[in-house]
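# Structural characterization, general
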Amino acid sequence: MTKGRIRARIRRSHLYTFGCIRPSTTEEGGPNPLQLHGPGYSRTVYCNQPLIHEKKSLFYCKNNISTTKYNVLTFLPKALFEQFRRVANIYFLLAACLSASPISPFSPLSMIAPLAFVVGLSMAKEALEDSRRFLQDVKVNNRKVSVHKSNGEFVPKSWQRVMVGDVVRVEKDQFFPADLLLLSSSYEDGICYVETMNLDGETNLKVYPLDPSQILLRDSKLRNTDYVYGVVIFTGHDSKVMQNSTKSPSKRSTIEKKMDHIIYTLFTVLILISFISSIGFVVKTRFQVPKWWYLRPDNIEYQYDPKKIMLAGMSHLITALILYGYLIPISLYVSIEIVKVLQASFINQDIQMYDEETGTPADARTSNLNEELGQVDTILSDKTGTLTCNQMDFLKCSIAGTSYGVRSSEVELAAAKQMASDMEEQDMGSDLSNFPLIKGSVPQENVRRAGEIELETVITSKGDADKRPAIKGFGFEDSRLMNGNWLKDRNVDVILLFFRILSVCHTAIPEVNEETGVCTYEAESPDEGAFLVAAREFGFEFCRRTQSTVVVREKFSASGEVVEREYRILNLLDFTSKRKRMSVIVRDEEGNIILFCKGADSIIFDRLSENGKMYLEATTRHLNEYGENGLRTLALAYKRLNEQEYTEWNNEFQKARTSVGTDREAMLEEVSDLMERELILVGATAVEDKLQKGVPQCIDKLAQAGLKIWVLTGDKMETAINIGFACSLLRQGMKQICITLDSNAVTNDRLEVVKGNILNQITNASQMIKMEKDPHAAFALIIDGKTLTYALEDDMKHQFLGLAVDCASVICCRVSPKQKALVTRLVKEGTGKTTLAIGDGANDVGMIQEADIGVGISGVEGMQAVMASDFAIAQFRFLERLLVIHGHWCYKRIAQMICYFFYKNIAFGLTIFYFEAFAGFSGQSVYDDWYMILFNVVLTSLPVISLGVFEQDVPSEVCLQFPALYQQGPRNLFFDWYRILGWMGNGLYSSLIIFFLVIIIFYDQAFRINGQTADMAAVGTTMFTCIICAVNCQIALTMSHFTWIQHLFVWGSIGTWYLFLLIYGVLPPKYSKTAYQILIEVLAPAPIYWTATVLVTIACVLPYLAHISFQRCFNPMDHHIIQEIKYYKKDIEDQHMWTRESSKARQETKIGFTARVEAKIRHLKGRLQKKQSALVGVSSPTYT
Amino acid sequence: MDLDSGSSSTVGAGVQAIPGHPARRGALYQFKQQNLPACKPVLTPATVIATFLLMGLIFIPLGLVTLRTSNSVVEIVDRYDIECVPEEYRSNKLLYITDDSISKNCSRFLKVPKSMRAPIYVYYQLDNYYQNHRRYVKSRNDKQLLHGLGDNSTSTCKPLEFSGDLPIVPCGLIAWSLFNDTFKFSSGSSELKVNRKNIAWKSDRDHKFGKDVYPFNFQNGPLIGGAKLDPNTPLSDQEDLIVWMRTAALPSFRKLYGRIEEDLDADDVIVVQLMNNYNTYSFGGKKKLVLSTSSWLGGKNDFFGVASLFIGAFCMLISIVFLLLHVKNPRPYGDATYTSWNKKSSSS
């Protein structure tokens, strides 16, 4: 609070030339309702009289919010309704209802219990998810805010009790509880700083002066301002953030959608065979049953009655539908649910996705998208908070044509290491080492391997980086400038100026830590903060700001003492994204008037005077270097003014400033422009935008896995481009296609012209890409929000998408949350591929909900993104693991599991059908009821679940080493119709083999040495034994990864069958019926039972075994070969090969670290070649 | 099939990477990190060839042995349902079988093709008889069979539930339609005794058919289906019924009738005196008498041997084809040049 008082004295409106239109005239108090009856929406609010709003006419909704889907009362009906919207569930429900009638071939319990289980489980999941939302709501609703009670007394009240008309006091760093109208703030001119990151994702603070049109929106945050008073005008669901929020849609994975088609196919098959058997039944019953006296056709129930053949046929159809229901197993849904929940818990427990700093594990919030993670094609990422930490480090500078700063940026480090290792390799080479050019013809693998090594070293070098003295925002290291050494430099004057510009030209406020006496700064942007910290470290500590002065404490003055220099701020021409520069005009203690200016290099270079270009060439070179190394650059310049010159200009400026009207801004700009000319270049700064840990590496790996990455950011274009460079989405030498609009064009031209202009740009760019011959040429598309508005319109969006898809990287800047969602939808629907959106703020919610998979960054403030997401991870870098390992595994697991599931149920279900043909289509099953119930529930469920939960084609570290394996998912190699139909065919084959082999082997002759023949129980049990053995051996062949769990489940299932048979047979005949002592007495002593089981089982798996043997041998897939390498331990014996292969195992990509390093090497080699050919005179025409 | 040693080293790396957490080893941790030691079998060419060869080597001898066993079984099958109808009734067999006044006696002469060693099993075989029809299968009451009359519900026995006010014992279609042809055998002048005991499963006799349940009101109704039962013999001793009540799986089935416990020599002629009572004429079913010896495999069963031989041969064939293809076009396993990325770069 003490600090606040100092600052409150400054009339900050003076600082902002462009921001504050009306400085001090507005009086405090609520708006006059009468004035608001303009066009559009109006709302009458009685300020400080919330009681009025309790009456009907002025009653507005309460401030409590609810984002839940259900409440206690509606849960049961609504959730049940949701459940039975699934077609499959309706079918099962019908089957369960019918099972209560006499025409059912099964007992009702066996139909109802599994359905209740499935529906119950899904509903429990819904309830759990909804309760989480409820708890989140409760937390938000119970946040406290100070509300005016009476006579200036404020009492804390929970958010939900805040009413329209209440006057609230919001403190620094608090969120606004509702949409407020600003009444006053701790600053005497009534401005406040607001961070709207939760709303639009922009991290720069916004200034809100006191003004009737300034509404402070709910969920934005008060910053740099001690407190504000505001009157509540929109509460709860009326507030903008709630109005903009959309219900989270329920998402289904591609595999699940495709599974529906399989279900439909099988359903058709089911209906078909039901009809076949009904027709068979009708024919048999009509023409033969009357003669079957042993059935007493004269006294028969309606469902068999030949005289009422239609009725009998219809009821048989229903019986058949239930009987063959094994083709569409309800247990499939149960198993998939279970498997997905277990997969999700593995994701949650992955220790390598656990963020130690915040203590947040990964969180798979919706488990039904696990396998979708393995099929992602495009990643749409937010920038701030996701890719970057939004923290800048001052790393380098160029002063008077000399570059300072020895510490390297991440990009630089990587490139250097790469070059070093490349050289080393050349030295190790043969006699040809004298001709490094010839290396060009050596397979690229060397380059790539080196690239891999280099990436690893970057990761390890992170450790060194952490040893830096921890000064936030300052990563600079160069003894020439530190500790006053610059005083010895010959360009001491220029350096001094450079530092002064850094410490004076800004809009920040210092805060002195009273204990240490060190200043910290509250700056509008993190860049500015970094400059001030740098200036402080160089010995120019900006320590005080008053209304019109800036005081800088200079440590290394000529006298060698610490002196405080005061600068009078005469004018401040602030930064806008259009101007791309800011200037201050100051009068120093000697009375000189100086203009200090910093801005984007291109802008500054255009404004240099003839004699100000002394260092232009060197600085440009440095700037290019910095840019190449992924740093954000600004150029610094100054200009000395004489008194008369200034006064003249200032008059103009004041005139413009006080003018009223729409052209005020344009006038101000024009006048400012007049002043910011004839500058003298001093140097440039290079700031590293700190990426989040591991982001470049992660992007590199994702790119190698064949994923496309789009960045959608609310930030301005330059920032976005810089980040693009930092995380290697952009690089020097990439052709940038910027699609933008003149802001004038938008206002002046007609819509068609504007659109034509954009379309033209898009078509030209597309043409350019098509004409490009160089295979290494990479394009980057950069588009801003305003242009995007037009580009996303229906008539243009496909051209835009076409262009975007051709580009290696796409960056959309200045996009609104809505546009983020629209872009996501365009990609999703336009390309038909799977999209993943990742973001951390409320502004990403739309995009997260729209994408096939939404990933939220957890562990940061504001939970909106996480609440809307399907997966929450603590760091962007965990995305690699989430996709490349878990996604890949889950995709394969689920795909194999579903295929196998259909196989086993077809194999089983069809035998029931075949038997019908031999039983007069009467609806009799050859199996005991219990066998049929246990088939899906006990005897084959655990192996298939273990396949879905534990299967690993390759270990996790191999997934990471061979990113190319990921492409098996997006290419859908494991769930295409070829494979699905193959499995179904396998099921058909197995059913035929099992049924007919067993039937014929046990036909009519004795099967025991004692002469007994096989009855229905013996045949049925033998057949069932064969099925159990066959399907379990089949799954064993499908698996490639056996831990003790799989062994236990697979072989245990077969064992369980025999155990069950034994126990069931021992039960009194009252329970076991025809299966009484079937194993002990009837089957086990018969050698033919055992040999037939082995024979049938082998015959069943034979084609599959042959198929996988031949496929692996003659047409191996990537994971086969890696499995073999691992199997033969070649990775240990021949590590060189292993690393070489893992670096090759990636998709052609033009983005990412490795691609960048490669491009640089190509470039350098090209140069080297030129040099050599010039020196030696040897031309090497083969080398290009 | 070896345990992957690499996985444990990975766990080690994981521990180093993220220090400061306790309990980073142990099975539970490995389980949670999906890093349990696992065996990862790979179908190497050697494995493939050996597996198929082994299967061939198992099934071909098995097939040969079973074929041989099957051939050693002597089986005499005699269809008698047509021949046993007197010539004058051939055109109206139904009349013949339903008319009680017509004698159902019939003699058959069976020539023994090879010598048959005791025990020789006697079966009757019915074709086109749907014992597996759902209505038929359900039409019985197990409780009644074991406990006799009680307050058991016998509704499953419909339409043969009651005789008067009392439930029929044994009720239901199966019992009602009990097979009632009888066979007497003689060879030369001597009668061949047929042992009709122990033809049913012991568990059935002991636990499914009551020792004190008597068929006191069986076949008393207006419509008589099949055989009558001796009301003074408990159900547990009515082995014909017990065998009949084990419904067959297929519409063509054999049921054990008894055992001849004497050897028969080749070219012996067996005279069968049979009572052709059972009506299969109305639905065109066949009736056959079967005499068969048995082996460890059961009765004569060539199919099993053939199937086994076929599968064995097929395995051999695959093994050889695989071997040839592999020799002709070998792929070094674990050679990374066959990966998609290498293929792509070599083709481009």
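Residues numbered from 1 in each chain as written. Chains lettered and ligands numbered in written order. Predicted model: local features only at pLDDT ≥ 70, side-chain atom pairs only at ≥ 80, totals over all residues. Heavy atoms only, no water.

Operational definition: UniProt positions are given in the numbering used here, feature names are shortened, and annotations may be inferred rather than shown by experiment.
Naming follows an unreviewed UniProt entry, where chain B appears as ALA-interacting subunit of Stylosanthes scabra. Per UniProt, chain B has the following entry under Sequence similarities (unreviewed entry): "Belongs to the CDC50/LEM3 family."

If you look chain A up in an unreviewed UniProt entry, it shows as Phospholipid-transporting ATPase from Stylosanthes scabra. The record in UniProt for chain A states the following under Subcellular location (unreviewed entry): "Membrane".

### Regarding the overall build of chain B
Convention followed: A helix here means a DSSP run of H or I that spans at least four residues, while a strand means a run of E at least two residues long, and both kinds are numbered starting from the N terminus. Our radius of gyration looks at C-alpha atoms and nothing else; its globule reference is 2.2 Å times the residue count to the power 0.38. Contact between two residues is taken to exist if any of their heavy atoms lie within 4.5 Å; hydrogens are not considered. Note that His is not counted, nor are the chain ends; the positive residues are Lys and Arg, and the negative ones are Asp and Glu. Charge placement uses NZ in Lys and CZ in Arg. For Asp and Glu, CG and CD serve respectively.
The number of helices and strands found in chain B is eleven helices and eleven strands. Against the compact-globule benchmark of 20 Å for 348 residues, chain B has a radius of gyration of 32 Å, which places it well outside the compact range. Over its C-alpha atoms, taken along the principal directions, chain B stretches across nearly 95 × 55 × 40 Å. The contacts in chain B between residues at least 6 apart in sequence include a share of 79% that link residues at least 24 apart. Charge-centre separation for chain B: the mean point of 40 positive side chains lies 11 Å from the mean point of 32 negative side chains.

### Concerning the UniProt feature "transmembrane region" (unreviewed entry) in chain B
Within this numbering scheme, the UniProt entry marks residues 42-64 and 303-325 of chain B as carrying the feature "transmembrane region" (unreviewed entry). Annotated as residues 42-64 of chain B, this span is 87% helix and 0% strand, and its ends, taken at the C-alpha atoms, are 32 Å apart.

### A short note on the pattern of salt bridges
For clarity, the threshold we go by: In what follows, salt bridge is the name for a side-chain nitrogen of Lys or Arg lying within 4 Å of a carboxyl oxygen of Asp or Glu. Only protein chains enter the area calculation, which uses a 1.4 Å probe; residues under 20% of their type maximum are buried, those over 50% are exposed, and those in between are partly exposed.
Within this structure, the stated rule accounts for 60 salt bridges over all chains. Close ionic contact of R331(B) with E1124(A) constitutes a salt bridge, the shortest N to O distance being 2.8 Å. Placement of R331(B) in the loop between α10 (302-328) and α11 (340-347) and of E1124(A) in helix α37 (residues 1118-1127) is noted, with the two residues assigned to different chains. Classification of R331(B) as buried rests on a relative accessible area of 3%. Judged by relative accessible area, E1124(A) falls into the buried class, the value being 0%. Of the charged contacts, one joins K208(B) and D204(B) as a salt bridge, the two residues approaching to 3.6 Å between their closest N and O atoms. Here the residue K208(B) and the residue D204(B) both occupy positions in helix α8 (residues 202-208), the gap between them amounting to four residues, near one helical turn.

### Quick notes on the sheet that holds strand β27 (residues 834-839) of chain A
Residue and element names in this part refer to chain A. Definition in use: Two strands make a pair as long as DSSP finds a minimum of two bridges between them. To obtain each axis, a line is fitted to C-alpha atoms, and for helices this fit is confined to the stretch in contact; angles are then taken between N-to-C directions over 0 to 180 degrees.
Judged by pairing direction, the sheet is mixed, and its nine strands sit side by side in the order β10-β29-β28-β27-β11-β23-β26-β25-β24 without closing on themselves. Edge positions in the sheet fall to β10 (363-364) and β24 (735-739), since each has one partner strand and no second. Relative to strand β23 (residues 708-712), strand β11 (residues 376-381) runs parallel, the two being bridged by four bridges. Its bridge partner being in β23, L380 is matched across the sheet by W710. Where helix α23 (residues 797-806) meets the sheet, it contacts β23, β24, β25 (779-784) and β26 (809-813), and its direction lies at approximately 140° from that of β25.

### What about the UniProt feature "transmembrane region" (unreviewed entry) in chain A?
Residues and elements named next belong to chain A. Per the UniProt record, "transmembrane region" (unreviewed entry) is annotated on residues 262-283, 309-334, 901-924, 980-1003, 1015-1036, 1048-1067 and 1087-1106. As annotated, residues 309-334 has a helix share of 77% and a strand share of 0%, and its two end C-alpha atoms lie 38 Å apart. Summarising residues 901-924: 75% helix, 0% strand, and an end-to-end C-alpha distance of 24 Å.

### Looking at the packing of helix α36 (residues 1087-1114) of chain A against α10(B)
We apply this condition: Every angle not falling under 35 degrees, over 145, or within 65 to 115 is termed oblique; those three ranges are roughly parallel, roughly antiparallel and roughly perpendicular. By definition, any crossing whose near helix is turned counterclockwise from its far helix by less than a right angle is left-handed, and any crossing with a clockwise turn is right-handed. Just so you know the grouping, Ala, Val, Leu, Ile, Met, Phe, Trp, Tyr, Cys and Pro go in nonpolar, Asp, Glu, Lys and Arg go in charged, and all remaining residues, Gly too, go in polar.
Relative to each other, α36(A) and α10(B) sit at 20°, their axes nearing to 11 Å. In terms of their interaxial angle, α36(A) and α10(B) are classed as roughly parallel. You can see that α36(A) and α10(B) cross each other, and the crossing is left-handed. Facing I1088(A), T1091(A), A1092(A), L1095(A), A1099(A), L1102(A), A1106(A), S1109(A), F1110(A), C1113(A) and F1114(A) of α36(A), the residues of α10(B) in contact are F304(B), A307(B), S308(B), I311(B), F314(B), C315(B), I318(B), V321(B), F322(B), L325(B) and H326(B). Residue composition of the contact of α36(A) with α10(B), grouped by class: 18 nonpolar, four polar and no charged.

### A few points about the interface of chain A and chain B
As a reminder of what qualifies: By buried area we mean the combined loss of accessible area, with a 1.4 Å probe, across both parts when two parts are placed together. Here a polar contact means two N or O atoms within 3.5 Å. Within protein one must be a hydrogen donor candidate and the other an acceptor candidate, and residues neighboring in sequence count only if both atoms are side-chain atoms.
Counting residues at the interface gives 109 residues for chain A, matched by 103 residues for chain B. Taking both partners together, chain A and chain B bury about 9,600 Å²; carbon and sulfur atoms supply 62% of that area. On the chain A side of the contact with chain B, W293(A), Y294(A) and Y1127(A) bury the most area, a combined 8% of that side's loss. Taken together, chain A and chain B are joined by 32 residue pairs in polar contact (both at pLDDT 80 or more). Counting residues per element, the side of chain A that touches chain B draws most heavily on α36(A), at 17 residues. Of the residues that constitute the side of chain A that touches chain B, the class distribution is 59 nonpolar, 27 polar and 23 charged.

### Describing the nonpolar core
General note: in soluble globular proteins, nonpolar side chains tend to be found buried as a group. Here is the rule: Put simply, buried Ala, Val, Leu, Ile, Met, Phe, Trp, Tyr and Cys residues joined by side-chain atoms within 4.5 Å make one nonpolar core.
Counting residues in each nonpolar core, the largest one holds 147 residues, and the members touching the most others are Y927(A), Y931(A), F1007(A) and W1057(A). Of all the elements, helix α27 (residues 878-918) of chain A adds the most residues to this core, at 17 residues. Setting aside residues up to four positions removed in sequence, F1007(A) forms contacts with F1002(A), Q1012(A), T1013(A), A1014(A), A1018(A), V1082(A), L1083(A), A1086(A), I1088(A), W201(B), L297(B) and G298(B). By size, the runner-up hydrophobic cluster in this structure holds 71 residues, among which are L110(B), V272(B), Y278(B) and L291(B).

### Brief notes about unusual backbone geometry
Residue and element names in this part refer to chain B. Omega for the bond connecting A118 with P119 falls within 30 degrees of zero, at -5°, which places this linkage in the cis form. The residue P119 is located in the loop between β2 (105-111) and β3 (120-127) in this model. Of the consecutive residues V169 and P170, the connecting peptide bond is found in the cis state with omega at -15°. Looking at the secondary structure, you find P170 in the loop between β5 (166-167) and α7 (173-176).

### What to know about the sheet that holds strand β16 (residues 540-545) of chain A
Residues and elements named next belong to chain A. The sheet built from nine strands is open, its strands ordered β13-β12-β22-β21-β20-β19-β18-β17-β16 with antiparallel pairing. Looking along the sheet, the strands with just one partner apiece sit at the ends: β13 (402-404) and β16. The average angle at which neighbouring strand axes cross in this sheet is 30°, direction not considered. Direction of pairing for strand β21 (residues 632-641) relative to strand β22 (residues 680-691): antiparallel, over a ladder of seven bridges.

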